[in-house]
Amino acid sequence: MVWIRWLLSRNVLLHPAILWLTMIIYVPGTVYGYYWYKGQLIETWNEHPHWQLPFVPDSPTASLFFALALLWLWVSPKRSRHAWINAIRGIIETLGVVTSVKYGIWATAIIFAGQAQGDILVWEHWMLIIGHSAMAVMALLYARFFTFGGMALLAAAAWTFLNDTVDYTYDVYPYLPSQLDDDVPYVAMFTFALTALSVLAAAFAKFPFERRKDKAF
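Please read all numbers here as calculations on a predicted model, not as lab measurements. (Residues numbered from 1 in each chain as written. Predicted model: local features only at pLDDT ≥ 70, side-chain atom pairs only at ≥ 80, totals over all residues. Heavy atoms only, no water.)

**Q** With reference to specific residues and values, describe the overall build of the protein chain.
**A** Counting its regular elements, the protein chain contains nine helices and zero strands. Overall, the protein chain shows an N-to-C arrangement of helices and strands of α-α-α-α-α-α-α-α-α. Its C-alpha atoms give the protein chain a radius of gyration of 18 Å, within 12% of the compact-globule value 17 Å for 217 residues. Each of the three principal axes of the protein chain carries a C-alpha extent, and together these read 50 × 40 × 30 Å. Sorting the 217 residues of the protein chain into buried and exposed places 45% on the buried side. In the protein chain, the proportion of contacts linking residues at least 24 apart, taken out of those at least 6 apart, comes to 80%. Accessible surface, the protein chain: about 11900 Å² in total, of which carbon and sulfur atoms supply 72%. Averaged over its 14 positive side-chain charges, the protein chain has a centre that lies 27 Å from the centre of its 14 negative ones. (Helix = DSSP H or I, 4+ residues; strand = E, 2+ residues; numbered from the N terminus. Rg over C-alpha atoms; globule rule 2.2 N^0.38 Å. Buried < 20%, exposed > 50% of the residue type's maximum accessible area, 1.4 Å probe, protein only. Contact = heavy atoms within 4.5 Å. Areas by Shrake-Rupley, 256 points an atom, 1.4 Å probe, with all protein chains shown as cover. Lys, Arg positive; Asp, Glu negative; His and termini not counted. Charge placed at Lys NZ, Arg CZ, Asp CG, Glu CD.)

See the structure below:
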């Protein structure tokens, strides 16, 4: 439909008012996300090697990367003349897309998996479901505007698989509903599979649009 194409067009999604609104949501949301992980960060600091700390706050780090990528796009839409700047930008963009899709879906799926085994959903769960689902949708909507290429996507995939490996090797994965405590191996398998699917989703959301000449986008 015409109105949907307009709503998803470059003119709308990259309009300053929309970008301002996105920043207003993402910046405090990211800060709150790190606060949400406060207890696990303290536990990791006290009981694990400190190098594992960056692997703990998965969702807020995903939203941080995406917010930085979107801000960079807003301030500087075109690629730099310096290859190293473009490389850094591409990695930030790709991490923002891949991890936002991955953890957006992961958190929602885990909440519903806990409910299926008896967890009672309260308003905080619904807040998390809405927020994380929106993360995944936003990442896929904006991926086509970013500058990243295949090498950056491979780097983001490598980091995300490394994050999964550290999480489930050293038990620094995000806290699960207690109903899933006996299902950690299955959660780990789901997590690794979701990383692969998120990398594919980022590729499909980005690269086909580079060949399209449709000016509506």
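**Q** Explain the packing of helix α6 (residues 83-116) against helix α7 (residues 123-142) residue by residue, including any values.
**A** Where α6 contacts α7, the axes come no closer than 8 Å and their chain directions differ by 150°. The pairing of α6 with α7 is recorded here as roughly antiparallel in orientation. Between α6 and α7 the crossing geometry is left-handed. Seen from α6, the contacting residues are G96, V97, S100, V101, Y103, G104, I105, A107, T108, I111 and F112; seen from α7, they are H125, W126, L128, I129, H132, S133, M135, A136, A139 and L140. Counted by class, the contact of α6 with α7 contains 14 nonpolar, seven polar and no charged residues. (Axes fitted to C-alpha atoms, helices over the stretch in contact; angles between N-to-C directions. Parallel < 35°, antiparallel > 145°, perpendicular 65-115°, else oblique. Left-handed = near helix turned anticlockwise from the far one by under 90°. Nonpolar A, V, L, I, M, F, W, Y, C, P; charged D, E, K, R; others polar.)

**Q** Now, about the packing of α6 against helix α8 (residues 150-169): what can you tell me, with residues and values included?
**A** Direction vectors running N to C along α6 and α8 enclose 45°, while the axes themselves pass 8 Å from each other. Taken together, the axes of α6 and α8 are oblique relative to one another. For α6 against α8, the interelement crossing comes out right-handed. Together, G90, I91, T94, L95, V98, T99, K102, Y103 and W106 of α6 and A152, L153, A155, A156, W159, T160, N163, D164 and Y168 of α8 make up the contact between the two elements.

**Q** So what's going on with the nonpolar core? Residues and values would help.
**A** Most often, soluble globular proteins have nonpolar side chains that are buried together. Residues F66, L70, V97, Y142 and F146 are the most contacted members of the largest nonpolar core, which totals 33 residues. Sorting the residues of this core by element identifies α3 (16-36), α5 (58-75), α6, α7, α8 and α9 (184-210) as the ones contributing at least two each. Y142 has contacts with L13, L14, I18, L19, T22, F66 and L70, leaving out every residue within four places of it along the chain. In terms of nonpolar packing, the next biggest core, distinct from the first, is built from eleven residues, Y173, V187, A188 and L194 among them. (Core = buried A, V, L, I, M, F, W, Y, C linked by side-chain atoms within 4.5 Å.)

**Q** Outline the side chain of T108, listing residues and values.
**A** Structurally, T108 can be placed in helix α6. Not counting chain neighbours up to four residues away, the residues in contact with T108 comprise I129, H132 and S133.

**Q** Outline unusual backbone geometry, supporting the account with residue identities and numerical values.
**A** The phi torsion at D171 lies on the positive side, around 60°, for a residue other than glycine. Examined against the element boundaries, D171 turns out to sit in the loop between α8 and α9.

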